[in-house]
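# Coordinate inspection notes
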Amino acid sequence: MHIQGAMHCMAPCCQEPMTACAEDIERLFSVSKGYNALFLAAGALENACEETPESLTRQGVQLLLATLADPQFETQRTSFFFYSRFAQILTSTAKQLGPHHPISRTALQGLSSLVAHATGNRHLALCHATGLLAPQTAPPPPLPAKTTVPCSCAELLNLVEFPPQTLPTFAGRSLLYAHQEKILVIKCARPGEDPKGLASEWHWMKILGNRLARERHIPTPVAHPLLRMTGLPEGAASETGIAFLTTAAYFTYPNEPLAPINTDQAVHVIGNAAYLFGHLAAHGILHTAPVPLFHNRVQTDRREDDGVYLWQKGGRLDRWLASCRYPNFGLSGLRDFEHIKTAPEMSTHEFYRTMGNQILSLLLVAGSHFRSLGGPSPASKDDHRHLFDIAKLNAMLTAIMNNYYRGYTGNGKDFPHEAGRTNLAVRMVEEMGQDTHMEEVLRTRDQQEMGEKAFRQFLIDREYTQEEAQKMPRGTADIVLFTGPHLGHFNGKISCPELIEFTATLASITMANGFLSTPP
């Protein structure tokens, strides 16, 4: 039906103020025939519920849920927005009424049940609507450090009671000083980096150390939030940084190919991280980078989104295995707290998307654990499915699902739905166990926007020899690079959409039930 016809159909029910009772909703639907008319009618209902949320009755909720359960409009080009609009009437009304109102419980439990079984755009729309239920409060973020405090390495060693002759080892930009069961870490700012992120990490260690139970390890920050250090060994990234105490477990990853941990231990590590991510999210604290996720790294300097992965769009995932190489969680728990943001700093839908990033990151690291069992250079170059144990992968998915849910809801219960877990495990083995998608494309336009030196270095970083890089003409034709494995063709869709479906289902139902679990 055309828009003009839809407006005509709406006229009888808009001649007088409407409420959100079952009779009004039923009358609205009875005169609003067709996709366009229903979509417009939803606007009138949305306004009514916003003005008087108490008028939404149990029967009215059931009518809305019945509309959301009907897949007849899934093939419409804008079906995502259609189903999202109706679902948001339920979530926004529940938010206004509060978690302990019976209408809120009926609406959100019904919506969660639909999420668990819906497919396609309808599924993503229902999940997206729960983003309105994100927590609104959090501890205040740390104030930026205004000055650096001078400090020598000898003073730091004395402060933590390490022998003065203790020598460091390098781990990326960090210096590690080991003594007995402890490790002093001096984490230096990279050249040209704004060190405020390091200062924020120092403060978050202090905040989280006071909030989490003792068995949940958080490094102990040392000295001051930002140090200007002397006596650093040659090769240190810079003289500016932070210092903290931790243990060797802080540097034990669940997917270390040089010294793989056993799979049962990896299940524990990943499950513990899932709990901590969920627990902190419930308190409005989000770790935004468990692993770096990109759609196209090769286009990070040209795209408005910097090539960062927006998982709801279901696009191809760039270099998934490389992204998982050093996850920001390990045997001791979470790490790299400079990547924390709080709920008041984010929109509700950004909060939901970031929760999804956490879940997706956990799933990817689960897959990378099995790949790590082949060592740094497995004999098989293309097919690694023999490294996967389907039963133990299922155990990892169960640990992610239940622990993230428990951490967020705080009610000690398991996740109440299957969420396609068994099929996901099978599909992960198929897509992560075979290096099918290895190519990325450096477009002519991207080459032309690079400087000559940056272009050559770009190729060398992708395993071109110095001689090959010098011979390659810049900006004359697209260059195909073999940088995978990726999940999907370049600029295409993700090859394992089950990852996205599971992520959306777990994030949305967790948010809905977490809202209902809010203490009085």
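Refer to the structure printed above.
Right, let's walk through the structure included here. (Residues numbered from 1 in each chain as written. Predicted model: local features only at pLDDT ≥ 70, side-chain atom pairs only at ≥ 80, totals over all residues. Heavy atoms only, no water.)

Before going further, it helps to examine the overall build of the protein. A count of helices and strands for the protein gives 18 helices and 12 strands. The C-alpha extent of the protein, read off along each of the three principal axes, is 85 × 55 × 45 Å. Expressed as a percentage of the 520 residues in the protein, the buried residues total 54%. When the accessible surface of the protein is summed, it comes to about 23,200 Å², and 52% of that surface belongs to carbon and sulfur atoms. In the protein, which carries 45 positive and 50 negative side-chain charges, the distance between the mean positions of the two groups comes to 2 Å. (Helix = DSSP H or I, 4+ residues; strand = E, 2+ residues; numbered from the N terminus. Buried < 20%, exposed > 50% of the residue type's maximum accessible area, 1.4 Å probe, protein only. Areas by Shrake-Rupley, 256 points an atom, 1.4 Å probe, with all protein chains shown as cover. Lys, Arg positive; Asp, Glu negative; His and termini not counted. Charge placed at Lys NZ, Arg CZ, Asp CG, Glu CD.)

Next up on the list: the pattern of salt bridges. Tallied over the full model, the rule gives 25 salt bridges. Its salt-bridge partner being Asp336, residue Lys187 comes within 3.1 Å of it at the nearest N-O pair. Residue Lys187 is found in strand β4 (residues 182–188), and its partner Asp336 is found in the loop between β9 (333–334) and β10 (340–342); the two are separated by 149 residues along the sequence. In this pair, the class of Lys187 matches that of Asp336, namely buried. A salt bridge links Arg443 to Asp478; its shortest N-O distance comes to 3.4 Å. Of this pair, Arg443 sits in the loop between β11 (437–442) and α15 (444–449) while Asp478 sits in the loop between α17 (466–471) and β12 (479–486), and the two are 35 residues apart along the sequence. Among the charged side chains, a network of salt bridges with common partners joins Arg173, Lys187, Glu193, Glu201, Arg335, Asp336 and Glu338. (Salt bridge = Lys/Arg side-chain N within 4 Å of Asp/Glu carboxyl O.)

Two numbers describe how helix α5 (residues 79–97) lies on helix α6 (residues 102–115): the axes approach to 9 Å, and their chain directions differ by 145°. The hand of the α5/α6 crossing is left-handed. For the pair formed by α5 and α6, the contact residues are Ala87, Leu90, Thr91, Ala94 and Leu97 on the first element and Ile103, Ser104, Ala107, Leu108 and Leu111 on the second. Broken down by class, the residue content of the contact of α5 with α6 amounts to eight nonpolar, two polar and no charged. (Axes fitted to C-alpha atoms, helices over the stretch in contact; angles between N-to-C directions. Left-handed = near helix turned anticlockwise from the far one by under 90°. Contact = heavy atoms within 4.5 Å. Nonpolar A, V, L, I, M, F, W, Y, C, P; charged D, E, K, R; others polar.)

So, about the packing of aromatic side chains. Here the structure, examined in full by the defined rule, presents 14 aromatic pairs. Judged by centre distance (5.4 Å) and plane angle (90°), the ring pair of Phe80 and Phe81 falls under edge-to-face. A residue is classified by how much of its surface remains accessible, and Phe80, at 23% relative accessible area, is partly exposed. What makes Phe81 exposed here is its relative accessible area of 51%. Between the aromatic rings of Phe370 and Phe388, the centroid separation amounts to 5.2 Å while the plane-to-plane angle is 20°, which identifies the pairing as stacked. With Phe370 in helix α12 (residues 348–372) and Phe388 in the loop between α12 and α13 (390–409), this residue pair connects regions lying 18 residues apart in the sequence. Take Phe370: its relative accessible area is 0%, and that puts it in the buried class. Each residue in the set Tyr35, Phe39, Phe73, Phe82, Tyr83 and Phe86 is aromatic and connected to the rest through ring pairs, giving one cluster. Above the face of the Phe39 ring, Arg85 is positioned so that its terminal group lies 4.9 Å from the ring centre. (Phe/Tyr/Trp six-rings, centres within 6.5 Å; stacked < 30°, edge-to-face > 60°. Lys NZ or Arg CZ within 6 Å of the ring centre and 35° of its normal.)

Here the focus is the layout of surface pockets. Over the atoms, a rolling probe the size of a water molecule traces out where space has been left empty. Counted as a void, the largest pocket has a volume near 930 Å³. Lining the largest pocket are 37 residues, with Arg190, Tyr326, Asn328, Asp336 and His339 positioned closest to its centre. The biggest single contributor to the lining of the largest pocket is α12, with four residues. Here the lining of the largest pocket is built from residues that sort into 18 nonpolar, eight polar and 11 charged. (1 Å grid on protein atoms, 1.4 Å probe; cavity = no way out; pocket = protein on both sides within 12 Å on 5 of 7 lines; lining within 4 Å. Points joined across faces, edges and corners; volume = space filled by probe spheres on them.)

This part covers the nonpolar core. With 112 residues, the main nonpolar core has Phe351, Leu364 and Leu499 as its most contacted residues. Top element by residues in this core is α12. It accounts for 11 residues. In contact with Phe351, not counting residues within four places along its chain, are Ala134, Pro135, Ala281, Gly284, Leu286, Ala343, Met346, Tyr408 and Met511. Within the second largest apolar cluster, 17 residues are counted, among which are Cys153, Leu157, Ile186 and Leu232. (Core = buried A, V, L, I, M, F, W, Y, C linked by side-chain atoms within 4.5 Å.)

This next bit is on unusual backbone geometry. Following Gly484, the chain continues to Pro485 via a peptide bond in cis, the omega torsion being 10°. You will see that Arg319, though not glycine, has its phi angle at about 45°, which is positive. By the element assignment, Arg319 lies in the loop between β7 (285–287) and α11 (320–323). Take Arg319: its relative accessible area is 25%, and that puts it in the partly exposed class. At Asp336, a residue that is not glycine, the phi angle is positive and equals roughly 55°. For Asp336, a relative accessible area of 13% gives the class buried.

On to helix α4 (residues 58–69). Compared with an ideal rise of 1.5 Å per residue, which puts 12 residues at 16 Å, α4 spans 16 Å between its outermost C-alpha atoms and is within 8% of the ideal. Restricting attention to buried positions, one finds in α4 the residues Gly60, Val61, Leu64, Leu65, Thr67 and Leu68. One face of α4 carries all of its buried residues, which in axial projection span an arc of 155°. (Expected span 1.5 Å × (residues − 1). Arc of directions from axis to C-beta.)

The next point concerns α13. Between the first and last C-alpha of α13 there are 28 Å, a value that for 20 residues agrees with the 28 Å anticipated at 1.5 Å per step. Among the 20 residues that make up α13, 14 are buried, leaving the element largely enclosed by the rest of the structure. If you check the start of α13, you find a side-chain oxygen 3.0 Å away from the backbone N of Ala391, and it comes from Asp389. Directly beyond the C-terminal end of α13, a positive phi value near 70° is found at Gly410. (Polar contact = N/O pair within 3.5 Å; in protein donor to acceptor, adjacent residues only side chain to side chain.)

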